[in-house]
Amino acid sequence: MEKEETDMKKRIHTATAVKDANVKLSFMERFGYGIGDYAGNLVYSAISAFLLVYYTNVVGASAAAAASIIAISKFFDGISDLVMGYIIDHTHTKLGKAKPWIKRLFIPLAVCQVLMFTVPSSWASGAQLAYMFLTYNLVSTIFYTGINVPYATMQGLMTTNSYERGLLGTFRNLLATAGTMTINTFTLKMTAAFGGGDQYSQRGWTLTTAVLMVIFCALTIFQLAVTHERVDSFETDDETKEIQKISFGKGILALVTNKYWVLLVINIFSTYFMMSTFFGSGVYFAQYVLGNTAYYSPVSNALSIAQIATLFITPVFMKKLGKRNTAMIGSGVALLGFALTGFVGSNVAAVVALSAIKGIGFGFMGGTMFGMLQDAITFGEWKQGFNIAGMGNAASSFCMKIGSGVGTAALGWILGAGKFDASLASQTASAVTSIRTSFIWIPVITSIVSLICILLFDLDKKYDKIASDLAAGKHMND
């Protein structure tokens, strides 16, 4: 009898939580959530687009050594994601599960980001590599993980409404793209301005990063002020909290037996692998294939502008076609843009135009990806009977980090295999081939993988019933 009363109490709590959380969000809250990813990309995009360039062209490290440091560190980074997800699922505060961690860690992240782009030039190469390893892990493994996993988790904790989650994903990707565009447009201009005309001076990179991190802190404070968690607000007594505590091993097992979550993380892994090789090779492609680093901004901005414009219309497509079909269109368009780039050589106008095509694909993909992930996690709750939103987002973030790290390492190794030498004004044919491979053909392959994963993701046909069941306190096995 006592067990039945406890089960009934849990079911009533769950039904009440889902009902109260199935809300339409205000524009300000959607915008505030998206601002969090704008701020995050002042960190992430600086790393993905410029850290390898900084290590090779400012510090003077070899591309292979620098990429290896990043790749090795990404293993620890991925593990820390899983740990952070477990911590979030076991966090119970008045602010919620995720927000407290963002509040605690955003200032340490900003400080360490500045340190990461301030490798002491007077140190011996071995000491510099050790410094690079330490500061990179402080930023990415500890503090960025400590903010980004809670931030991703908040998308599922602010509302259970599938369309609103899709809109949050759209705002998130829209403003993340704006953050990336800010980095791509202004970083080299700022480093040159602060460096007395030299794009690759240490002083220029330190001051540029410091300014960006002040902006990052201000925007994070705004995000914390206007966003709210709702899904777990029902956890008000120790008994309910105890019910919600799931072991680490049981949580991992629940994730890997959730086919929709598995499809999404494969898609996420391949996407972030592609982003590291593609964006990381962008400066090299502009300089050594197109002939001038000045072309980097129009090429990257054409993609970002098209992506932003597409994100404004993505909600219309989601409402008419659903998130999955919209994502499928995006993946196909991006594949087309990458494939055609392989046949236009060094024609700057064509490369810029095809960057816009890629941006359209990225807009549809990015606007739907994280909403689909939250739906997959909700499916897991319905299937397993318990909610592990923190671990679900953390494990997907693990795949982002590993994909990004392996992609960065692959870029360094490919450049190394092509005998790339940053000290040369012009590169050998093999080095140019390695740059083109990273910028064009690896993204073609990963786009095909992404398209296959989305084709197999048919959760959109079942989600309404799943949400209805959860609102009634029912799970798959009930």
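Quick caveat, the model's predicted, so the values are computed rather than measured. (Residues numbered from 1 in each chain as written. Predicted model: local features only at pLDDT ≥ 70, side-chain atom pairs only at ≥ 80, totals over all residues. Heavy atoms only, no water.)

Undergrad: Help me understand the nonpolar core in this model?
TA: Looking at soluble globular proteins, one finds that nonpolar side chains tend to be buried together. Counting residues in hydrophobic clusters, the biggest one holds 121 residues, and the most contacted among them are Leu51, Tyr54, Tyr55 and Phe216. A total of 18 residues in this core trace back to one element, the largest contributor, which is helix H2 (residues 27-59). Those residues within four positions of Tyr54 in sequence are excluded, and the remaining contacts are Val59, Met116, Phe117, Thr118, Val119, Gln202 and Trp205. Within the second largest apolar cluster, five residues are counted, among which are Met84, Ile88, Val149 and Ala394. (Core = buried A, V, L, I, M, F, W, Y, C linked by side-chain atoms within 4.5 Å. Buried < 20%, exposed > 50% of the residue type's maximum accessible area, 1.4 Å probe, protein only. Helix = DSSP H or I, 4+ residues; strand = E, 2+ residues; numbered from the N terminus. Contact = heavy atoms within 4.5 Å.)

Undergrad: What am I meant to see in the side chain of Ser201 here?
TA: Locating Ser201 in the fold gives a position in the loop between helix H6 (162-194) and helix H7 (202-226). Residue classification places Ser201 among the buried residues on the basis of a relative accessible area of 14%. When residues no more than four places from it in sequence are discounted, the contact partners of Ser201 are Val58, Thr191 and Gly195.

Undergrad: Looking at this structure, I do not really get empty space enclosed by the protein. What am I missing?
TA: The rolling of a water-molecule-sized probe over the atoms marks out the regions of remaining empty space. Under the counting rule described, the total for this entry stands at 10 cavities of 30 Å³ or more. Volume-wise, the largest cavity comes out at about 510 Å³. Lining the largest cavity are 32 residues; nearest its centre among them are Asn41, Tyr44, Asn173, Tyr272 and Met275. Of all the secondary structure elements, the ones that give two or more residues to the lining of the largest cavity are H2, helix H5 (125-157), H6, helix H10 (259-280), helix H12 (296-321), helix H14 (348-384) and helix H15 (389-417). (1 Å grid on protein atoms, 1.4 Å probe; cavity = no way out; pocket = protein on both sides within 12 Å on 5 of 7 lines; lining within 4 Å. Points joined across faces, edges and corners; volume = space filled by probe spheres on them.)

Undergrad: How should the side chain of Thr191 be read in this particular structure?
TA: Mapping Thr191 onto the fold places it in helix H6. Taking the relative accessible area as the measure of exposure, Thr191 reaches 0% and is therefore buried. For Thr191, the side chain forms a polar contact with the main-chain oxygen of Leu188, separated by 2.9 Å. In contact with Thr191, not counting residues within four places along its chain, are Asp198, Gln199, Ser201, Gly204, Trp205 and Thr208. (Polar contact = N/O pair within 3.5 Å; in protein donor to acceptor, adjacent residues only side chain to side chain.)

Undergrad: Which parts of the structure should I look at to understand the packing of aromatic side chains?
TA: The geometry of two aromatic rings is summed up by the distance between their centres and the angle between their planes. Evaluated as defined, the whole model comprises 28 aromatic pairs. Between Phe27 and Phe171 the ring centres are 5.6 Å apart and the planes differ by 75°, which places this aromatic pair in the edge-to-face class. In this pair, Phe27 sits in helix H2 while Phe171 sits in helix H6, placing the two residues 144 residues apart along the sequence. By relative accessible area, Phe171 is classed as buried at 14%. (Phe/Tyr/Trp six-rings, centres within 6.5 Å; stacked < 30°, edge-to-face > 60°.)

Undergrad: Before we go on, may I ask you to explain the confidence of the model for the chain in this structure?
TA: The predicted structure's coordinates, where accompanied by low pLDDT, should not be read in detail. Counting all residues, the mean pLDDT for the chain is 85, and 92% of those residues have values of 70 or more. Under a pLDDT of 50 for its full length, residues 12-19 has, in the predicted model, 14 contacts with residues more than four places off or in other chains. For residues 233-240, every residue scores under 50 in pLDDT, and the model assigns this stretch 14 contacts once sequence neighbours within four places are set aside. (pLDDT = per-residue confidence, 0-100.)

Undergrad: Please explain the packing of helix H9 (residues 248-256) against H15 as it appears in this structure.
TA: What describes two packed helices is the angle between their axes and the distance between those same axes. Axis separation between H9 and H15 bottoms out at 10 Å; the angle between their running directions is 65°. As summarised for this structure, H9 and H15 are arranged roughly perpendicular, according to the angle between their axes. Along this stretch, H9 crosses H15, giving a crossing that reads as right-handed. Every residue of H15 that contacts H9 at Phe248, Gly251, Ile252 and Leu255 is listed here: Met391, Gly392 and Ala395. Residue composition of the contact of H9 with H15, grouped by class: five nonpolar, two polar and no charged. (Axes fitted to C-alpha atoms, helices over the stretch in contact; angles between N-to-C directions. Parallel < 35°, antiparallel > 145°, perpendicular 65-115°, else oblique. Left-handed = near helix turned anticlockwise from the far one by under 90°. Nonpolar A, V, L, I, M, F, W, Y, C, P; charged D, E, K, R; others polar.)

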